[in-house]
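Below are the chains, spelled out letter by letter.
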Amino acid sequence: MSSLLSNEQPQSSPGGRRPGAILEVRDLSVDYVMERGIVRAVQDVSFDVAPGEFVGIVGESGCGKSTLLFAIAQLLAPPAGIVGGTVIFEGENLVGLTDKQLTLVRWRDMSVVMQSAMNALNPVLSIAAQFADAMRAHGVTSKPEIAERSAEVLKMVGIDPVHLHSYPHQLSGGMRQRSMIAMAMLFTPDLVIMDEPTSALDVVAQRSMMVQIKELQQQFGFAVIFVTHDMSLVRHFTDRLMVMYAGQVTESGGTRQMFERPLHPYTVGLMEAFPSIHGPRVPLTGIPGSPPDLANPPEGCRFAPRCPQVMDRCHTTAVPMQTLDGEQVRCLLYENGEVPG
Amino acid sequence: MTGQRTSRVAGAVAPAGAPLLRTDQLARHFRIGSGWRRQVLHAVDDVSLTVGEREIVALAGESGSGKSTIARLLARTYKPTSGEIYFEGRPLSQLRSRRDMLRYRGDVPMVFQDPFASINPVFRISHGVLRSLKLHRPELSAQQRREEAERVFTAVGLTPPDEALQRFPHELSGGQRQRVGFAQALAMRPKLILADEPVSMLDVSIRIGLLNLMTQLRDEQGVSILYITHDIASARYVADRLIVMYAGQIAEQGTIEDVLADPRHPYTQLLLSAVPDPKAELNVGAETDRGEPPKVINPTPGCRFRWRCPLAIAICHEVTPRLAELAPGHDAACHVAQSGAEVKAFSP
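Residues numbered from 1 in each chain as written. Chains lettered and ligands numbered in written order. Predicted model: local features only at pLDDT ≥ 70, side-chain atom pairs only at ≥ 80, totals over all residues.

Q: I tried to follow the overall build of chain B on my own but got confused; where do I start?
A: Across its full length, chain B holds eleven helices and 13 strands. Here the C-alpha atoms of chain B give a radius of gyration of 21 Å, agreeing with the 20 Å that 2.2 N^0.38 yields for 348 residues. Expressed along its principal axes, the backbone C-alpha trace of chain B runs to roughly 65 × 50 × 50 Å. The buried share of chain B, taken over its 348 residues, is 49%. Long-range contacts, defined as pairs at least 24 residues apart, comprise 66% of the intrachain contacts of chain B with a sequence gap of at least 6. (Helix = DSSP H or I, 4+ residues; strand = E, 2+ residues; numbered from the N terminus. Rg over C-alpha atoms; globule rule 2.2 N^0.38 Å. Buried ≥ 20, exposed ≤ 12 C-beta atoms within 10 Å, placed from the backbone. Contact = placed C-beta atoms within 7 Å.)

Q: Explain the domain arrangement of chain B here, please?
A: Where the parts come together, the accessible area they lose is often given as the size of the interface. Residue and element names in this part refer to chain B. Here chain B is partitioned into domain 1 (19-54 + 61-109 + 191-205 + 223-277 + 287-348) and domain 2 (115-189). Using C-alpha coordinates to define each centre, domain 1 is positioned 31 Å away from domain 2. Taken together, the contact between domain 1 and domain 2 spans seven residues of the former and seven residues of the latter. (Domains from an automatic or database assignment.)

Q: Just to check I follow, could you spell out the packing of helix 7 (residues 203-220) of chain A against helix 10 (residues 266-274) of chain B for this structure?
A: Helix-helix packing is described using two parameters, namely the angle between the two axes and the distance between the axes. Here helix 7 of chain A crosses helix 10 of chain B at 55°, and the two axes come no closer than 8 Å. Considered as vectors, helix 7 of chain A and helix 10 of chain B are oriented oblique to each other. Crossing handedness for the pair helix 7 of chain A and helix 10 of chain B: left-handed. Where helix 7 of chain A approaches helix 10 of chain B, its residues Val203(A), Val204(A) and Arg207(A) are matched on the opposing element by Leu270(B), Leu271(B) and Ala274(B). Of the residues that constitute the contact of helix 7 of chain A with helix 10 of chain B, the class distribution is five nonpolar, no polar and one charged. (Axes fitted to C-alpha atoms, helices over the stretch in contact; angles between N-to-C directions. Parallel < 35°, antiparallel > 145°, perpendicular 65-115°, else oblique. Left-handed = near helix turned anticlockwise from the far one by under 90°. Nonpolar A, V, L, I, M, F, W, Y, C, P; charged D, E, K, R; others polar.)

Q: Looking at this structure, how should I read the sheet that holds strand 13 (residues 330-332) of chain B?
A: Paired through backbone hydrogen bonds, the strands of a sheet run either parallel or antiparallel to each other. Residues and elements named next belong to chain B. One open sheet holds the eight strands; their spatial order is 7-8-9-4-10-11-13-12, and the pairing between them is mixed. Both outer strands of the open sheet, strand 7 (110-111) and strand 12 (324-327), are each paired with one neighbouring strand and no more. Sheet topology places strand 12 next to strand 13; three bridges connect them, and they run antiparallel. By the bridge assignment, Glu 325 is partnered in strand 13 with Asp 331. (Pairing = 2+ DSSP bridges.)

Q: How do you make sense of the interface of chain B and chain A when you look at a structure like this?
A: Each side of the interface is counted separately: chain B has 34 residues, and chain A has 38 residues. Elements that contribute at least two residues to the side of chain B that touches chain A include exactly helix 7 (204-221), helix 8 (232-238) and helix 10 of chain B. Looking at the side of chain B that touches chain A element by element, the count peaks at six residues for helix 7 of chain B.

Q: Please clarify how helix 5 (residues 143-156) of chain A should be interpreted in this entry.
A: Count 3.6 residues to each turn of an α-helix, and residues three or four apart come out pointing the same way. Residues and elements named next belong to chain A. With 14 residues, helix 5 extends 20 Å from end C-alpha to end C-alpha; this agrees with the ideal 20 Å at 1.5 Å per step. The set of residues buried in helix 5 consists of Ser 150, Val 153 and Leu 154. Within helix 5, the buried residues cover an arc of 100° as seen down the axis, which keeps them to one side. Exposed residues lying more than 90 degrees from the buried face of helix 5 are Pro 144, Glu 145, Glu 148 and Lys 155. Gly 158 occupies a position one or two residues after helix 5 and carries a positive phi of about 80°. (Expected span 1.5 Å × (residues − 1). Arc of directions from axis to C-beta.)

Q: How should the sheet that holds strand 10 (residues 248-254) of chain A be read in this particular structure?
A: All names here are of chain A. The strand order across the open sheet formed by eight strands is 6-7-8-3-9-10-12-11, and the pairing between neighbours is mixed. This sheet does not close on itself; its edge strands, each paired only once, are strand 6 (110-113) and strand 11 (322-324). Direction aside, neighbouring strands of the sheet carry axes that sit 20° apart on average. Examined bridge by bridge, strand 9 (residues 240-245) and strand 10 share six bridges and lie antiparallel to one another. Bridge pairing in strand 10 links Val 243 to Glu 251.

Dropping the structure here:
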C-alpha cells in the first residue's frame with residue numbers, strides 16, 4: 001500500500017510522441033450532425049498514453065470528455081462520427097476498422113467501464129452469465145475455464161464469488177460498479193477506459209473504489225484513462241491530467257505540477273470550485289456561467305465569456321496550444337512561453 | 001436533548017426559543033417480502049432532531065443511511081411508523097384538514113435531487129411557480145402572482161426574471177434548473193426548505209453557486225434549510241449544524257465546526273477520512289474501510305456500526321448506544337466515546 005503514496009511522475013514530455021506509447025491520439029475530431037447544424041464535440045485532440053500510465057481527463061458536462069472516450073473505443077453511433085484524426089492503439093489505427101476487426105482488440109486489449117453500471121449491466125442475466133457472454137465472444141468456450149476466471153476476477157475486486165449467481169438488482173451500487181471493473185479485467189487488458197465510474201457512489205464507496213482501481217493497476221500494470229468532473233478525486237491517483245473545455249484540450253501536464261501551478265484560468269477555477277474540510281471557511285465562487293453552445297462556439301478563446309482574466313484580444317484571437325515547462329496550455333496569458341509575473 | 005422533553009399539548013403555540021421543527025423518536029419501518037419471508041426493514045429508527053430558525057442543518061450519511069426517508073417523513077410523503085414531528089410546536093399528526101396540510105406544505109417545501117426529472121418539460125418555467133402561487137396563496141391576483149414570481153426568480157439569481165420565466169426547461173442548464181427548484185419553493189414563503197441532495201447531480205464548477213444561494217436564502221429571506229448530502233465538505237461550506245446518520249440512526253450531531261474538528265463517533269471519522277483533499281498527501285493506511293452500510297432488517301440490539309468499527313468492544317454487540325452529550329451541544333451515540341476513552345478509528 002505504501003507505494004500508493006509515491007505519486008511518481010513519468011519521465012515524459014506531455015503531448016510529444018513518446019517511444020512505446022500504447023495509445024496515440026492525433027488531431028481527433030468528432031462531429032454530431034444535428035438538425036440545427038453540425039456540432040463539433042471534440043476538436044483536434046492529441047495525446048499519448050504510456051504503458052501502465054494513469055491519465056485523468058477532467059472537465060464539466062458537455063465538454064466532450066465522454067465523446068472523446070467513445071471515439072477512442074470506436075463506440076460512437078450516429079449522429080456522432082469521427083471526422084478527422086487517428087487513434088493508434090498498439091501500433092494499429094482503430095479509426096475505420098470494421099466491427100469484426102475491432103472485436104479482436106476490444107475487451108482483450110482495451111476494455112471500457114461505463115458510468116452507470118445499472119444501465120450497463122443486463123438486469124435479467126446473472127453476473128456469471130454476463131461474464132460468460134463476454135468470454136465466449138472472445139473465443140473462450142470451456143465452461144470450467146470461464147467459471148474459474150469469473151470467480152478469480154470477482155475476488156480481485158473484493159467481491160465474494162457467490163455473487164456470480166446474483167442479478168444486478170441484488171447488488172449494492174458499489175458492488176455493481178466493482179463487478180463492472182471485474183468484467184473489464186477478464187482478459188487483463190493493456191488499457192482500461194473509465195467514464196466516471198464513481199460518480200453514482202457516495203464518498204466512502206468512492207474512496208475505496210479509487211484505492212482498489214489503483215491497486216489493480218499497479219498489480220497488473222495496465223494503463224487507465226479516467227474521466228471525471230471532480231479534480232479533487234483524481235489528485236492522488238493520476239500521473240497526468242488533461243483538462244478539456246468546450247471540445248478542446250485547454251491544459252495538459254503532470255498531475256502534481258498542475259496542482260502546484262495551474263496555468264489556465266479554467267483549471268484554476270476547477271480547483272477552487274470545491275470547498276475543503278480543513279483550514280478556514282472561505283467564500284468561493286466556482287465558475288459562474290455555463291459552457292458555450294458548441295453549434296455556435298465563441299470566436300477566439302472558448303472560455304473567454306467566463307474567464308476572470310479575460311483580455312480584449314481573447315474574444316477575437318484563436319488561441320493555439322503553447323508548451324511551457326513540459327506542460328501544454330491554450331491561453332493567451334502564456335503567449336510568450338513564460339509565466340507572467 | 002430535545003427528544004427527552006415531554007410532548008407539548010396539541011395545538012399549543014410554540015414558546016419563544018423553541019425550534020422551528022423538532023422530531024421526537026421518529027421511526028419508519030417498511031415491510032418487505034411476504035409469507036414466510038416477511039421481514040421488517042428499519043429505514044429510520046429513534047431519530048430526534050431539531051432545526052432552528054434561520055439555520056442550515058446538514059443531514060449527512062452514506063447511501064441507505066435513511067437520510068432521504070427522513071426528508072420524505074418531514075414532507076409528509078410517508079407517515080411515521082412511530083414518533084412525532086412537531087412544526088412550530090404543533091404535532092403533524094394533528095393536521096387533518098386539507099387547508100392545514102396545504103399550509104404545512106407551503107411552509108416546508110422540498111427541492112429535489114434531479115433537476116432534469118423534477119420540472120415538467122412541456123410547460124414554460126413560469127407554469128410551476130404560478131401554479132403553486134395560485135394554490136398556496138389564493139389571495140394574490142394574477143398580476144400579483146406574476147410580480148411575486150419575478151421577485152423569487154430575482155432572489156435565486158435567474159435574471160432577467162421576465163425572460164427566464166418564459167423559457168422551457170430544456171433551454172436551461174442543470175444549475176439553472178435547480179435554481180428554478182429553489183424559486184418554486186421560495187414562492188410559497190417557506191420557513192423550512194427540505195433540500196435532498198440538491199447539488200449532487202450538478203457539475204463541481206456550478207455547485208458552489210447553488211451552495212452560495214442557500215446561505216443567501218438563509219441570510220436574506222430568513223428561511224431554514226435541511227440540507228441532505230453525502231458530501232461533508234459542501235456541508236461544512238453552508239451549514240451551521242451537522243447531523244451524521246448511520247443505518248437509520250443519528251450517530252453524531254453538533255455545530256459543524258465542533259464535529260469536524262473533533263469527531264467523536266468512529267463513523268464520522270470514517271466519513272471525514274474519505275473526503276478527497278487535494279491539498280493533503282494521500283493517506284492510505286491499514287484502516288482503509290471496505291464495508292458498506294447494512295440493510296437494517298429485523299435488527300437485534302447493538303451498535304449498527306459494530307461490524308465496520310475497529311474499536312468495537314463487548315457492549316457494542318449487546319446494547320444499542322443512545323445519543324449522549326459529550327461536549328456542550330455535541331452528541332454522539334458511541335459506547336467507546338461515552339466511556340471517556342479517546343476515539344481514533346480512522347484518521348482524516
